[in-house]
Amino acid sequence: QDYTAVEKDDITLECELSKDVPVKWFRNGEEIKASKTVTIKTEGKRRILKIKKVEEKDKGDYECDCGTDKTKASVNIEARIIKVERPLYGVEVFEGETARFEVEISEPDVHAQWKLKGEVLSPSPDCEIIEDGNKHVLILYNCKLDMTGEISFQAANAKNAANLKVKGMMIFY
(Lines give C-alpha, C1' and ligand atoms only; values in the text may rest on other atoms or scores of the structure.)
Protein backbone atom coordinates (compact mmCIF):
# COMPACT_ATOMS: atom_id res chain seq x y z
CA GLN A 1 0.00 0.00 0.00
CA ASP A 2 1.10 3.59 -0.64
CA TYR A 3 2.71 5.17 2.39
CA THR A 4 3.62 8.66 3.61
CA ALA A 5 6.31 8.97 6.26
CA VAL A 6 7.96 11.89 8.01
CA GLU A 7 11.74 12.38 7.77
CA LYS A 8 13.65 10.32 10.36
CA ASP A 9 10.71 7.87 10.79
CA ASP A 10 11.28 4.14 10.41
CA ILE A 11 9.04 2.57 7.75
CA THR A 12 7.99 -1.02 7.07
CA LEU A 13 6.67 -2.29 3.75
CA GLU A 14 5.35 -5.83 3.63
CA CYS A 15 3.47 -8.21 1.38
CA GLU A 16 2.34 -11.82 1.58
CA LEU A 17 3.02 -14.46 -1.06
CA SER A 18 0.91 -17.48 -1.99
CA LYS A 19 3.98 -19.72 -1.65
CA ASP A 20 7.40 -19.48 -0.08
CA VAL A 21 9.74 -18.19 -2.82
CA PRO A 22 12.61 -15.66 -2.82
CA VAL A 23 11.84 -12.03 -3.74
CA LYS A 24 13.75 -8.96 -4.83
CA TRP A 25 12.89 -5.46 -3.65
CA PHE A 26 13.29 -2.42 -5.94
CA ARG A 27 13.05 1.35 -5.54
CA ASN A 28 12.44 3.28 -8.75
CA GLY A 29 13.57 0.21 -10.71
CA GLU A 30 16.87 -0.27 -8.83
CA GLU A 31 17.36 -3.32 -6.64
CA ILE A 32 17.54 -2.61 -2.91
CA LYS A 33 20.23 -4.36 -0.90
CA ALA A 34 20.36 -4.76 2.89
CA SER A 35 22.51 -2.11 4.62
CA LYS A 36 22.83 -0.45 8.01
CA THR A 37 19.53 1.39 7.36
CA VAL A 38 17.74 -1.27 5.27
CA THR A 39 16.58 -4.67 6.57
CA ILE A 40 15.05 -7.33 4.32
CA LYS A 41 13.24 -10.12 6.18
CA THR A 42 11.26 -13.28 5.47
CA GLU A 43 8.61 -14.51 7.95
CA GLY A 44 6.83 -17.53 6.50
CA LYS A 45 5.11 -16.22 3.34
CA ARG A 46 5.48 -12.58 4.42
CA ARG A 47 8.23 -10.45 2.88
CA ILE A 48 9.26 -7.38 4.89
CA LEU A 49 11.38 -4.35 3.95
CA LYS A 50 12.31 -1.99 6.80
CA ILE A 51 14.05 1.35 6.33
CA LYS A 52 15.41 3.22 9.36
CA LYS A 53 15.39 7.01 9.62
CA VAL A 54 14.04 7.74 6.15
CA GLU A 55 15.25 10.76 4.21
CA GLU A 56 14.09 12.58 1.08
CA LYS A 57 16.19 10.15 -1.04
CA ASP A 58 14.07 7.21 0.18
CA LYS A 59 10.91 8.41 -1.51
CA GLY A 60 9.79 6.69 -4.70
CA ASP A 61 8.05 3.63 -6.11
CA TYR A 62 8.82 0.41 -4.24
CA GLU A 63 8.30 -3.01 -5.75
CA CYS A 64 8.45 -6.54 -4.39
CA ASP A 65 9.11 -9.03 -7.23
CA CYS A 66 8.80 -12.80 -6.71
CA GLY A 67 9.58 -13.68 -10.34
CA THR A 68 6.05 -14.60 -11.45
CA ASP A 69 4.32 -11.57 -9.91
CA LYS A 70 5.08 -8.17 -8.41
CA THR A 71 3.39 -5.65 -6.16
CA LYS A 72 4.05 -1.90 -5.97
CA ALA A 73 3.64 0.91 -3.48
CA SER A 74 4.54 4.57 -3.64
CA VAL A 75 6.39 6.05 -0.64
CA ASN A 76 6.35 9.78 0.05
CA ILE A 77 8.59 11.50 2.62
CA GLU A 78 7.45 14.74 4.27
CA ALA A 79 9.66 17.20 6.10
CA ARG A 80 9.51 17.16 9.87
CA ILE A 81 7.53 19.96 11.45
CA ILE A 82 10.01 21.78 13.65
CA LYS A 83 8.81 24.28 16.24
CA VAL A 84 10.60 26.87 18.35
CA GLU A 85 10.31 25.67 21.96
CA ARG A 86 12.30 28.48 23.62
CA PRO A 87 12.57 31.67 21.56
CA LEU A 88 15.38 34.14 21.11
CA TYR A 89 15.51 37.26 23.29
CA GLY A 90 16.84 40.65 22.28
CA VAL A 91 20.33 41.52 23.49
CA GLU A 92 21.82 44.92 24.33
CA VAL A 93 25.60 45.26 24.67
CA PHE A 94 28.24 47.96 24.60
CA GLU A 95 30.69 48.17 21.72
CA GLY A 96 33.45 45.52 22.11
CA GLU A 97 31.29 43.25 24.29
CA THR A 98 29.97 39.75 23.52
CA ALA A 99 26.35 39.06 22.52
CA ARG A 100 24.86 35.60 23.03
CA PHE A 101 21.64 34.34 21.43
CA GLU A 102 20.11 30.97 22.27
CA VAL A 103 17.06 29.21 20.84
CA GLU A 104 15.65 25.74 21.47
CA ILE A 105 13.69 23.80 18.84
CA SER A 106 11.46 20.71 19.05
CA GLU A 107 13.80 18.30 17.20
CA PRO A 108 17.50 17.49 17.62
CA ASP A 109 20.07 17.32 14.82
CA VAL A 110 18.52 19.92 12.53
CA HIS A 111 20.99 22.28 10.88
CA ALA A 112 20.19 25.94 11.23
CA GLN A 113 21.08 29.23 9.63
CA TRP A 114 21.69 32.48 11.50
CA LYS A 115 21.51 35.92 9.89
CA LEU A 116 22.41 39.42 11.01
CA LYS A 117 20.41 42.11 9.17
CA GLY A 118 19.58 39.57 6.44
CA GLU A 119 23.20 38.49 5.88
CA VAL A 120 24.06 34.82 6.54
CA LEU A 121 26.53 34.39 9.41
CA SER A 122 29.39 31.86 9.23
CA PRO A 123 31.79 30.75 11.95
CA SER A 124 34.77 33.10 12.31
CA PRO A 125 36.96 34.41 15.14
CA ASP A 126 34.18 36.90 15.97
CA CYS A 127 31.23 34.53 15.38
CA GLU A 128 30.69 31.18 17.09
CA ILE A 129 27.78 28.94 16.05
CA ILE A 130 26.92 25.97 18.28
CA GLU A 131 24.42 23.18 17.55
CA ASP A 132 23.87 20.98 20.60
CA GLY A 133 20.89 18.62 20.17
CA ASN A 134 17.77 20.82 20.32
CA LYS A 135 19.74 23.89 21.41
CA HIS A 136 21.26 26.39 18.97
CA VAL A 137 23.59 29.15 20.16
CA LEU A 138 25.07 32.17 18.38
CA ILE A 139 27.89 34.08 20.08
CA LEU A 140 29.10 37.36 18.58
CA TYR A 141 32.39 38.59 20.04
CA ASN A 142 33.71 42.14 19.87
CA CYS A 143 30.38 43.67 18.77
CA LYS A 144 30.49 46.85 16.72
CA LEU A 145 27.98 49.72 16.47
CA ASP A 146 27.05 48.84 12.87
CA MET A 147 25.94 45.36 13.99
CA THR A 148 22.79 46.82 15.54
CA GLY A 149 19.85 45.13 13.84
CA GLU A 150 17.83 41.94 13.56
CA ILE A 151 19.29 38.52 14.35
CA SER A 152 17.24 35.78 12.66
CA PHE A 153 17.32 32.03 13.08
CA GLN A 154 15.90 29.34 10.79
CA ALA A 155 15.96 25.54 11.08
CA ALA A 156 13.71 23.81 8.51
CA ASN A 157 10.33 25.53 9.00
CA ALA A 158 11.16 26.91 12.50
CA LYS A 159 11.92 30.62 12.36
CA ASN A 160 12.65 33.16 15.07
CA ALA A 161 14.15 36.62 15.34
CA ALA A 162 15.30 39.13 17.95
CA ASN A 163 17.18 42.42 18.01
CA LEU A 164 20.82 43.10 18.73
CA LYS A 165 21.53 46.61 20.00
CA VAL A 166 25.15 47.72 20.22
CA LYS A 167 25.67 50.94 22.19
CA GLY A 168 28.68 53.23 22.04
CA MET A 169 30.90 53.69 25.07
CA MET A 170 30.64 57.08 26.74
CA ILE A 171 34.06 58.54 27.40
CA PHE A 172 34.39 61.31 30.00
CA TYR A 173 37.48 63.52 30.24
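Residues numbered from 1 in each chain as written. Predicted model: local features only at pLDDT ≥ 70, side-chain atom pairs only at ≥ 80, totals over all residues. Heavy atoms only, no water.

## Structural notes on the sheet that holds strand E15 (residues 135–140)
- As summarised here, the arrangement of the 4 strands in space is E9-E11-E15-E14, forming an open sheet in which the pairing is antiparallel. The two strands at the open ends of the sheet, each matched to only one other strand, are strand E9 (84–86) and strand E14 (127–132). Averaged over all pairs of adjacent strands, the angle between their axes in this sheet comes to 25 degrees, without regard to strand direction. (Pairing = 2+ DSSP bridges. Helix = DSSP H or I, 4+ residues; strand = E, 2+ residues; numbered from the N terminus. Axes fitted to C-alpha atoms, helices over the stretch in contact; angles between N-to-C directions.)

## A short note on the UniProt feature "domain: Ig-like" (unreviewed entry) in the protein
- Per the UniProt record, "domain: Ig-like" (unreviewed entry) is found at residues 1–76.
- For residues 1–76, the end-to-end C-alpha separation is 12 Å, with 0% helix and 54% strand making up the annotated structure. (UniProt positions renumbered as here; feature names shortened; annotations may be inferred.)

## A short note on the nonpolar core
- Ranked by size, the top nonpolar core spans 24 residues in total, and within it Ala99, Phe101, Trp114, Leu138, Leu140, Ile151 and Leu164 carry the most contacts.
- Those elements giving two or more residues to this core turn out to be strand E10 (91–94), strand E11 (99–105), strand E12 (113–116), E15, strand E16 (149–155) and strand E17 (158–167).
- Sequence-distant contacts of Leu164, defined by excluding residues within four places in its chain, comprise Val91, Val93, Ala99, Phe101, Leu116, Leu140, Met147, Thr148, Gly149 and Ile151.
- Counting residues in hydrophobic clusters, the runner-up holds 14 residues, among them Trp25, Val38, Leu49 and Ile51. (Core = buried A, V, L, I, M, F, W, Y, C linked by side-chain atoms within 4.5 Å. Buried < 20%, exposed > 50% of the residue type's maximum accessible area, 1.4 Å probe, protein only. Contact = heavy atoms within 4.5 Å.)

## A few points about the sheet that holds strand E5 (residues 38–43)
- The strand order E2-E6-E5 describes an open sheet built from 3 strands, whose pairing is antiparallel. The sheet is open, and its two borders are formed by strand E2 (11–16) and E5, each paired with just one other strand. Adjacent strand axes in the sheet meet at a mean angle of 15 degrees when their direction is disregarded.
- Where E2 meets strand E6 (residues 46–51), 6 bridges bridge the pair, whose relative direction is antiparallel. Within E6, the residue paired with Cys15 across the bridge is Arg47.

## Re the layout of surface pockets
- Considered as a void within the structure, the largest pocket measures approximately 190 Å³ in volume.
- In terms of lining, the largest pocket is formed by Cys15, Glu16, Leu17, Ser18, Lys19, Val21, Cys64, Cys66, Thr68, Asp69, Lys70 and Thr71.
- Here the lining of the largest pocket is built from residues that sort into 5 nonpolar, 3 polar and 4 charged. (1 Å grid on protein atoms, 1.4 Å probe; cavity = no way out; pocket = protein on both sides within 12 Å on 5 of 7 lines; lining within 4 Å. Points joined across faces, edges and corners; volume = space filled by probe spheres on them. Nonpolar A, V, L, I, M, F, W, Y, C, P; charged D, E, K, R; others polar.)

## Quick word on the state of the cysteines
- As enumerated under the stated definition, the model contains 0 disulfides in all.
- Cys15 takes part in no disulfide bond, and the closest cysteine sulfur to it belongs to Cys64, at a distance of 3.4 Å.
- Not part of a disulfide, Cys143 finds its nearest cysteine sulfur in Cys127, a span of 10.0 Å. (Disulfide = S-S within 2.5 Å.)

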